[in-house]
Amino acid sequence: ANLVPGVRPVGEFGGLTVSSFDGSRASIGGGAPSTNNYMVDGVAAENFASGGIQITLSPDATEEFRVITRNPSAEFGRTGGGVVNIVSRAGTNTITGSLFEFVRNRQLNANNFFANSTGTPRAPFIFNQYGATLGGPVKRDRTFFFFNWERVNQRTLARTFRTVPTARQRQGDFTETLDAAGRRIVVYDPLTTRPDPARPGRYLRDPFQGNLIPSSRVSPVARAVTAYYPQPNQPGVRFTQSQNYYAQGSAPIDKNVYGIRLDHNLSAARRIFGRYTYDNTFRGAANFYGNIAEITTSDLPFKRNSAVLNYTETLSPALLLEARAGLNRYFTPRITRSFGFDVSQLGLPAALNTQIQVPSFPRFNVGDMDAIGAPADDQLVQANDSWTSAAAVTWIRGAHNLKAGAEGRLYRANNSQVGGQVFTLGFTRGFTQGADPIVASQTAGFGYASFLLGNPASGEINRTPTITYQMPHLALFLQDDWKLTPRLTLNLGLRWEYEGAITDRFNAISNFDP
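Because the structure is a prediction, the values reported are computed rather than measured.

## Observations regarding the packing of aromatic side chains
Across all of its chains, the model carries 14 aromatic pairs by this definition. Relative to Tyr330, the ring of Phe302 has its centre 6.3 Å away and its plane inclined at 45°; by these criteria the two rings are tilted. On the criterion of sequence distance, the pair formed by Phe302 in strand β15 (residues 300–316) and Tyr330 in strand β16 (residues 319–334) is long-range, its members being 28 residues apart. Judged by relative accessible area, Phe302 falls into the buried class, the value being 1%. What makes Tyr330 buried here is its relative accessible area of 11%. Put simply, the rings of Phe174, Tyr228, Phe341, Phe361, Phe364, Phe427, Phe446, Tyr448 and Phe451 touch in pairs and so form one group of aromatic residues. Here the guanidinium or amino end of Arg162 rests over the ring plane of Tyr289, the centre of that ring lying 4.6 Å away.

Put into structure tokens, the structure is as follows:
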């Protein structure tokens, strides 16, 4: 059970690596048929789009964790690696329950070896995992329940050093802007660019008088964006004053898992059970700028739903029927922290609001400074579903244990994430370097000076269509475990599979089939 990526220690087995509890990135392979087949109570728990397992059960709600690494029966397919099936725990005639808590913090943790060697104290860290289970009869010998709840709270301190404009630079004063050797960086006026009479085909520029950009030349947009940069709070690196802003913030992770399973004996020969599991994980992101122009990704929630309904019937002493249907859903609705921002507040044309796919604070990549504005791929609404229906009949006849059945799966992937930046402008030293404007120098031109003048060197607006992929999977199988002698058994199996093509439900993709 400790190998289940609920929140317990990370485990490795059979070439598989189970990711940690926050679900930020599964590292156990994709959902393609060339990788591994993950199931929870026999229902597909992987998806070709999200990669790896979409949902697992809490360790205390897990009855069995089965890993088949080679020679699986014909019942299992859609894999080029292993088969992993997690089986949920059921209630019994006896009322049972449990309480648990697992704690880690700075006082209990050992310090990092390198931190010890430099005298750096242990970083703040709080990890609490606690929960409870309760199972028993609703009606003895007929109906049973099993409930589990699990909660995780993790608090870590994220830290960063960044480079932000100094008070003088914000006013267009670059008299104290130096390179790493202590030499002044000269800022040139792009409006003075002219042909060099001494060198045909080359050009010249004049520096701003006193290395000062006049207030009348400062772009209103640049002035508005600069207001979102925090003030320096550190002296920074000698001469350059880079890394002059230090910030720290909490990066919380909160996780709640609820699960309920009900078993009912319809008769001595017929049984049914249903299970529902809900996993709500929140991964917070530190906001180092303290406003909507922060450049790190926004808070990311993970909402996972898992449901299964299973029916078994003993048709005769030698014939057993089993059928199941279920769904595993992985949902990540991350909304960028500046969602709904009106770019006209910065002095940009209001018409841009209709051209930007996700209304948000633009990204400004400013040379010689840290960037400001919404990060790439920040807006993410992803919902991946894995539907499964299956039925099988087991027939015991003499030395033969025959099992035949069918399975159907439908995988769906819905994703509205914008690829790259929604709207970005880039500023380099190019527009303020000189005297020859096409010759770079350590002591000529400054990215933030080009930004103040409102002269971007690059820009882009990305639009990405929302995808609604789906892919069907069908299979038929026949398995015969033939016991020739008490010491020799032949496992004979035949399986047919159909893996459908990936299509878009609303015709939003194109491809060429040669």
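## A few points about the side chain of Asn265
Mapped onto the fold, Asn265 is located in strand β13 (residues 253–265). When its relative accessible area of 15% is taken as the criterion, Asn265 is described as buried. Side-chain polar atoms of Asn265 contact the backbone oxygen of Asp141, separated by 3.1 Å. Once residues within four sequence positions are removed from consideration, Asn265 is found in contact with Asp141, Arg142, Phe144, Arg270 and Arg271.

## Comments concerning unusual backbone geometry
Note the cis peptide between Gly434 and Ala435, where omega equals 0°. With respect to the helices and strands, the residue Ala435 is situated in the loop between β20 (423–427) and α4 (447–453). A positive phi angle, close to 50°, is found at Asn71, a residue other than glycine. Along the chain, the position of Asn71 falls in the loop between β5 (62–68) and β6 (83–88).

## Thoughts on the nonpolar core
Across soluble globular proteins, nonpolar side chains show a tendency to be buried alongside one another. Ranked by size, the top nonpolar core spans 42 residues in total, and within it Phe174, Ile213, Phe364, Val366, Phe446, Tyr448 and Phe451 carry the most contacts. Listed by contribution, the elements that provide at least two residues to this core are α3 (220–226), β12 (245–250), β17 (363–366), β20 and α4. For Val366, the residues in contact, after removing those within four places along its chain, are Tyr229, Phe427, Gly447, Tyr448 and Phe451. One finds Tyr38, Ala45, Val84 and Ile86 within the second-largest nonpolar core, a separate group that totals seven residues.

Conventions and cut-offs
- Residues numbered from 1 in each chain as written.
- Predicted model: local features only at pLDDT ≥ 70, side-chain atom pairs only at ≥ 80, totals over all residues.
- Heavy atoms only, no water.
- Phe/Tyr/Trp six-rings, centres within 6.5 Å; stacked < 30°, edge-to-face > 60°.
- Helix = DSSP H or I, 4+ residues; strand = E, 2+ residues; numbered from the N terminus.
- Buried < 20%, exposed > 50% of the residue type's maximum accessible area, 1.4 Å probe, protein only.
- Lys NZ or Arg CZ within 6 Å of the ring centre and 35° of its normal.
- Polar contact = N/O pair within 3.5 Å; in protein donor to acceptor, adjacent residues only side chain to side chain.
- Contact = heavy atoms within 4.5 Å.
- Core = buried A, V, L, I, M, F, W, Y, C linked by side-chain atoms within 4.5 Å.

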